[in-house]
Amino acid sequence: MRAFTGKILPVGLVLVSLALGGCLLISGTFVVTESFSFDVSDYLSFQAVDLTENSDWQDHKDNIDMIDAVGFTMTMDNSNGSAVTFNLYVAPYADKQLYNTLIDFQQAVTDGDVYVVIKDLTVPAGTSTVTYAQSLTHLHNLDKLKELTKTGKLHLYATTSLAGSFTVDPGSIVVTVSGSK
Amino acid sequence: MRKMVLLALCIMLTAPLALAQTPKFGAGVFGGVSIPVVQKDQASGTEFGLRLRAKVLSFLTAEPNLTFTKWGKPDPVEGITLGIDGSKVTAFGLDVTFGGLPGGSGFKPFMVLGAASYKVKNDATQYDQSKLGFSGGFGFAIGFVPMFDIDLRTKAVIIPTEGGGSKKAVSILGGLSYNF
């Protein structure tokens, strides 16, 4: 017992503290969220997302080690009276919206400049929600989504199969980040 | 083939001698809690596993081990319920303890250092990483009779991730070992 309290306990506590304390200061896993909204009344809608203003992101912006996970939450209001097929896309950040018409946008998708991340989601008439956990089961092009998310800024585009009142409000992108400081 | 037979004969001849002396080997189970450190996407969970023990030196024991950890569901983040299970961590590796030798009776304090291959997996987020990680801590064993030890240990676990970061946790574990 004397050996434990005299040597092993203090040395062990110091070792554990150093191991955890040292690394605690330099790395961890954080969850960053950023809100967005869409009004997809004419088939196509656009939103720029900027994660870099988030305090956790700013703390680690120079040492984002990897994006562990990306998901979305969305409250959708479909006033079309019938189900709508919804798609969500991601594109590299630019100073302005690059694709303003559905034709230009579809060409960008064909050219591989824009990537679908939620594909052919059937949204019933009325208000419905997509939880973070549900969104994970619909994700496509996850590696590309993570790659673009790691830049901190990205463009989101939403399309619907019907022209009419369809909103996503609120929506959030939820990003799990391994970062250092 | 001849080597195999000789080896088997050696084991058969020496086993009774080993049994007659203080136990040098052990096998046991352990379980407890794993507390993620600076991981906002995880919560405390359970940990359990199996270990073998071999007295290598008069003060040092080697412990090959297999460990299963299941972290808990994360708390809501900025009002958003993530609603997914925590990650699963499977590790196999080797710990060495300084002190706490198998067999004997009484209070046996020890320090422990370890290395293991850690696989961190989350089915919901598709996170799946395998890396060599490290652990260190301390504990004590209590031998009531030479054949059995119970032990309690705590150790810090550090699992490197891509890009230079790491996932960290503190494990608090109780164990029961059979010595032979």
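My aim in this report is to walk through the structure given alongside it, one point at a time.

1. Regarding the overall build of chain A
Consideration 1: Looking only at helices and strands, one finds five helices and eight strands in chain A.
Consideration 2: Counting from the amino terminus, chain A carries its helices and strands in the arrangement α-β-β-α-β-β-α-β-β-α-α-β-β.
Consideration 3: Evaluated residue by residue, chain A yields a buried proportion of 49% over its 181 residues.
Consideration 4: A sequence separation of at least 24 residues applies to 87% of the contacts in chain A between residues at least 6 apart.
Consideration 5: When the accessible surface of chain A is totalled, it reaches about 8300 Å², and 51% of it is carbon and sulfur.

2. Side note on the nonpolar core
Consideration 1: By size, the foremost hydrophobic cluster in this structure holds 44 residues, and its most contacted members are Phe72(A) and Phe86(A).
Consideration 2: Looking at this core, the elements with two or more residues in it are strand E1 (27-39), strand E3 (64-78), strand E4 (84-92), strand E5 (115-123), helix H4 (132-138), helix H5 (142-150), strand E7 (153-160) and strand E8 (166-180) of chain A.
Consideration 3: Ranked by residues supplied to this core, first place goes to E3(A) with seven residues.
Consideration 4: Counting residues in hydrophobic clusters, the runner-up holds 11 residues, among them Met66(A), Val89(B), Val120(B) and Val157(B).

3. Details of the sheet that holds E8(A)
Residue and element names in this part refer to chain A.
Consideration 1: The four strands are arranged E1-E8-E3-E6 in an open sheet whose pairing can be described as antiparallel. Edge positions in the sheet fall to E1 and strand E6 (126-130), since each of these pairs with one other strand and no more. Each adjacent strand pair in this sheet contributes to an overall mean axis angle of 15°, direction not counted.
Consideration 2: In this sheet, E8 lies alongside E1 in antiparallel orientation, the contact comprising 12 bridges. Residue pairing for E8: serine 27 is matched across the bridge by serine 180.
Consideration 3: Sheet strands in contact with H5 are E3 and E8, and its direction is about 105° off that of E3.

4. Some words on unusual backbone geometry
Consideration 1: Each neighbour pair has its own omega, and for Asp169(A) with Pro170(A) the value is 0°, a cis peptide bond.
Consideration 2: Checked against the element boundaries, Pro170(A) lands in strand E8.
Consideration 3: Positioned with a positive phi, Asn141(A) is a non-glycine residue whose angle comes to about 50°.
Consideration 4: Secondary-structure assignment places Asn141(A) in the loop between H4 and H5.
Consideration 5: Unusually for a residue other than glycine, Val38(B) sits at a positive phi of about 50°.
Consideration 6: Relative to the assigned elements, Val38(B) resides in the loop between strand E1 (25-37) and strand E2 (43-57).
Consideration 7: For Val38(B), a relative accessible area of 28% gives the class partly exposed.

Definitions and limits used
- Residues numbered from 1 in each chain as written.
- Chains lettered and ligands numbered in written order.
- Predicted model: local features only at pLDDT ≥ 70, side-chain atom pairs only at ≥ 80, totals over all residues.
- Heavy atoms only, no water.
- Helix = DSSP H or I, 4+ residues; strand = E, 2+ residues; numbered from the N terminus.
- Buried < 20%, exposed > 50% of the residue type's maximum accessible area, 1.4 Å probe, protein only.
- Contact = heavy atoms within 4.5 Å.
- Areas by Shrake-Rupley, 256 points an atom, 1.4 Å probe, with all protein chains shown as cover.
- Core = buried A, V, L, I, M, F, W, Y, C linked by side-chain atoms within 4.5 Å.
- Pairing = 2+ DSSP bridges.
- Axes fitted to C-alpha atoms, helices over the stretch in contact; angles between N-to-C directions.

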